[in-house]
Amino acid sequence: MAVKFNGKHLAKFIRPEEYEAIYPQVELAHKQLETKTGFGNDFLGWLDLPVTYDKEEFARIKEAAKKIRSDSDVLLVAGIGGSYLGARAVVEAVRGLYHNELDDGLKIYFCGNTISPTALNDIIKLTKGKRFSINVISKSGTTTETALAFRVLRKLLEDSVGPEEANKRIYATTDRAKGTLKQLANEQGWPTFVVPDDVGGRYSVLTAVGLLPIACAGIDIDELMQGAADGREKFGKCSMDNDAYRYAMTRNILYRKGKSVETLACFEPDFTMMNEWYKQLFGESEGKDQKGLMPTSCIFSTDLHSMGQFLQDGSRVMFETYVDVKNTREDFYIEPLEGNFDGLNFLAEQNMSVVNRKAMEGTILAHTDGGVPLGIIEVDSLNAHDIGELIYFFWKACAVSGYLLSVNPFDQPGVESYKKNMFALLGKPGYEDRKAELEAKLQD
Ligand code: PA5
């Protein structure tokens, strides 16, 4: 079993009857998902995606990845939010944080996810003297951060190889039919890939949005999809033993007991961007109508030296969920040191993964003693298959969590507020009234 929820340390915080009491609501949520009758039922394409995905497009993704890997030194992936996080999360979980430095082949840099001029200039520097391609990803085709970076990078590419060759090196992942990006792609003849209508941004990593950059990183996307398909089977039936539902129930029960923060923690740094992906998935899905758990994350033991004090001893507002990676990508045998000058020989003659595990076990016991409810998501490894299964586990748990909270887990109306203010302050036509009002508020 690649992915499993282990609730053994939760026993002193949640009684079995509490799961039984909430279970009928889970049954309802499950039925609403299956029959597509709940909130946001236009956005349930992810449910069957691991088996119903477009096989023809999947083959084109592999072909495009092969071409990019053979004709480019650098791939710039421009996208933000759901059009960014999943791809980077999978690439770094599977290939490691330093894949660009360690692999000889294609370097993959993510951009268009900020308006920082420093970040953009650094990306431009990374293309100097390099053969590069661009994968621009935007479902709406109009997102400012991505569109602005793409405008600059497209010109850079055209200046470097000429417009005709540039058109063969720009890959657009966007809506099937509408939007500025789709129109531009049609006009210029760029290869295009589709973000399906019924899959929202944060559920899109297993569409072309994630699959093209992931395939470009040399990751086996068949394995990834197989893992997700296995997750769909495993977490597809409604029962108390469905681990995705147990995790969703745990979150909701703890929320009702006054916990307002979940900290997802992993002892593998390669999980850093998966943490970011999880934060978007749950934050955008649940945080509405003044409700929802605030998703936060840590990488341990690193963050035990920054957040450890608070988690052990600070306000009891949080619970923790640990992602326990059973088999690490690498291991390291610790040799004994003659003379034991650093006093560390008590760690010697074993693998470092054992030491890391003891750190995890020690932390679990300390934090639960400190009053932090703590569940564990066990994952066999961070290979493509298991990450695929883990993605599906989180998707399913998130959808049910949202329904348990009576919110629509598939929209994100709140994200628009900052955009409207930003457009008004920048003088975008149509926002004149708001501009005056906001500028008055900004006056001293
Ligand atoms: O989850 C979401 O829907 C958002 O995070 C979007 O993915 C993000 O805003 C980017 O949107 P788009 O793909 O339209 O550029």
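Reading guide: rules and limits
- Residues numbered from 1 in each chain as written.
- Predicted model: local features only at pLDDT ≥ 70, side-chain atom pairs only at ≥ 80, totals over all residues.
- Heavy atoms only, no water.
- Helix = DSSP H or I, 4+ residues; strand = E, 2+ residues; numbered from the N terminus.
- Rg over C-alpha atoms; globule rule 2.2 N^0.38 Å.
- Buried < 20%, exposed > 50% of the residue type's maximum accessible area, 1.4 Å probe, protein only.
- Contact = heavy atoms within 4.5 Å.
- Lys, Arg positive; Asp, Glu negative; His and termini not counted.
- Charge placed at Lys NZ, Arg CZ, Asp CG, Glu CD.
- Salt bridge = Lys/Arg side-chain N within 4 Å of Asp/Glu carboxyl O.
- Near = heavy atom within 4 Å.
- Polar contact = N/O pair within 3.5 Å; in protein donor to acceptor, adjacent residues only side chain to side chain.
- Areas by Shrake-Rupley, 256 points an atom, 1.4 Å probe, with all protein chains shown as cover.
- Nonpolar A, V, L, I, M, F, W, Y, C, P; charged D, E, K, R; others polar.
- Core = buried A, V, L, I, M, F, W, Y, C linked by side-chain atoms within 4.5 Å.
- Pairing = 2+ DSSP bridges.
- Right-handed = clockwise from strand over helix to strand, strands pointing away.
- Patch = residues over 30% accessible without salt bridge, like charges linked within 9 Å, V, L, I, M, F, W, Y side chains within 5 Å.
- Axes fitted to C-alpha atoms, helices over the stretch in contact; angles between N-to-C directions.
- Left-handed = near helix turned anticlockwise from the far one by under 90°.

> Would you mind showing me how to read the overall build of the chain here?
Secondary structure assignment for the chain yields 18 helices and 12 strands. A compact globule built from 444 residues should have a C-alpha radius of gyration of about 22 Å, and the chain, at 23 Å, falls within 12% of that. Across its three principal axes, the chain shows a C-alpha extent of roughly 65 × 60 × 55 Å. Relative to its 444 residues, the chain shows a buried fraction of 50%. Contacts spanning at least 24 positions in sequence make up 77% of the contacts within the chain whose residues lie at least 6 apart. Taking the average location of the 52 positive side-chain charges in the chain and that of its 64 negative ones, the two points are 4 Å from each other.

> I keep staring at the pattern of salt bridges and nothing clicks. Help me out?
Pairing is possible between side chains of opposite charge, provided their charged atoms come close. Tallied over the entire structure, the rule returns 30 salt bridges. We note a salt bridge from R60 to E57, for which the minimum N-O separation is 3.8 Å. Here R60 pairs with E57, and both are found in helix α3 (residues 55-71), just 3 residues apart, close to one helical turn. The exposure class of R60 is partly exposed, given its relative accessible area of 31%. Residue E57 is classed as buried on the basis of its relative accessible area, which comes to 9%. For R131, the salt bridge identified is with D73, shortest N-O distance 3.0 Å. Linking R131 in the loop between α6 (117-126) and β4 (132-138) with D73 in the loop between α3 and β2 (74-78), this pair joins segments that are 58 residues apart in sequence.

> How should the site of the ligand be read in this particular structure?
S83, S138, S140, T143 and Q280 are the nearest of the 13 residues found near the ligand. Residue R202 places a main-chain N or O atom 3.2 Å away from an oxygen atom belonging to the ligand. Contacts to the ligand include Q280, whose side-chain N or O atom sits 2.6 Å from an oxygen atom. In isolation the ligand offers 380 Å² of accessible surface; the protein chains occlude 88% of this area. Looking at the shell around the ligand, its residues break down into 1 nonpolar, 9 polar and 3 charged.

> Would you mind showing me how to read the nonpolar core here?
Side chains that are nonpolar tend, in soluble globular proteins, to be buried together. Ranked by internal contacts, the top residues of the largest apolar core, which has 96 residues, are W277, F394 and W395. Those residues in contact with F394 that lie beyond four places of it in its chain are Y247, L264, W277, Y278, L281, F282 and I377.

> Can you help me understand the pairing of strand β8 (residues 294-299) in this one?
Working note: regular strand, side chains alternate between the two faces of the sheet. Sheet topology note: the strand β7 (residues 261-266)/β8 ladder contains 6 bridges and is parallel. Its bridge partner being in β8, C266 is matched across the sheet by I299. Crossover β7 to β8 through helix α13 (residues 272-286) is right-handed.

> Explain a nonpolar patch on the surface here, please?
A cluster of nonpolar side chains, namely M307, F310 and V317, defines an oily patch on the protein surface of about 230 Å² accessible area. As for its position among the elements, V317 is in the loop between α14 (308-313) and β9 (318-325). The class of V317 is partly exposed, set by a relative accessible area of 31%.

> Looking at this structure, how should I read the packing of helix α4 (residues 85-95) against helix α10 (residues 208-216)?
How two helices pack is summed up by the angle between their axes together with the distance between the axes. In the contact formed by α4 and α10, the axes pass within 8 Å of each other and the chain directions differ by 35°. You can see that α4 and α10 cross each other, and the crossing is right-handed. Counted together, A87, V90 and V91 of α4 and V209, G210, P213 and I214 of α10 form the full contact between these two elements.

> What's the story with the sheet that holds strand β3 (residues 107-111) in this structure? I'm lost.
Strands belonging to one sheet form pairs held by backbone hydrogen bonds; the direction of such a pair is parallel or antiparallel. Spatial strand order, β3-β2-β4-β5-β6: 5 strands in an open sheet with parallel pairing. Looking along the sheet, the strands with just one partner apiece sit at the ends: β3 and β6 (192-194). The sheet shows a mean angle of 20° between the axes of neighbouring strands, direction not considered. Pairing of β2 with β3 involves 5 bridges; the strand directions are parallel. The partner of A78 across the bridge, within β3, is C111. Sitting on the sheet, α6 is in contact with β2 and β3, with an inclination near 160° to β3. Against the sheet, helix α7 (residues 144-161) makes contact with β2, β3, β4 and β5 (170-174), and its axis sits at roughly 155° relative to β4, the strand it touches most.

> Hey, could you run me through the environment of K130 in this one?
Inspection of the secondary structure puts K130 in the loop between α6 and β4. Expressed as a C-alpha distance, the spacing of K130 and S72, which sit 58 residues apart in the sequence, is 7.6 Å. Dropping the residues within four chain positions of it, K130 is found in contact with D73 and V74.

> What is the right way to read the sheet that holds β9 from this model?
The strand order across the open sheet built from 5 strands is β1-β12-β9-β7-β8, with neighbouring strands paired in mixed fashion. Only two strands of the sheet have a single neighbouring strand rather than two, namely β1 (3-6) and β8. Along the sheet, successive strands turn relative to each other by an average axial angle of 20°, direction set aside. Here β7 pairs with β9 via 6 bridges, running parallel. Counterpart to V261 in the pairing with β9 is M318. Its contacts with the sheet place helix α15 (residues 352-369) against β9 and β12 (374-379), and it is angled at close to 160° to β9.

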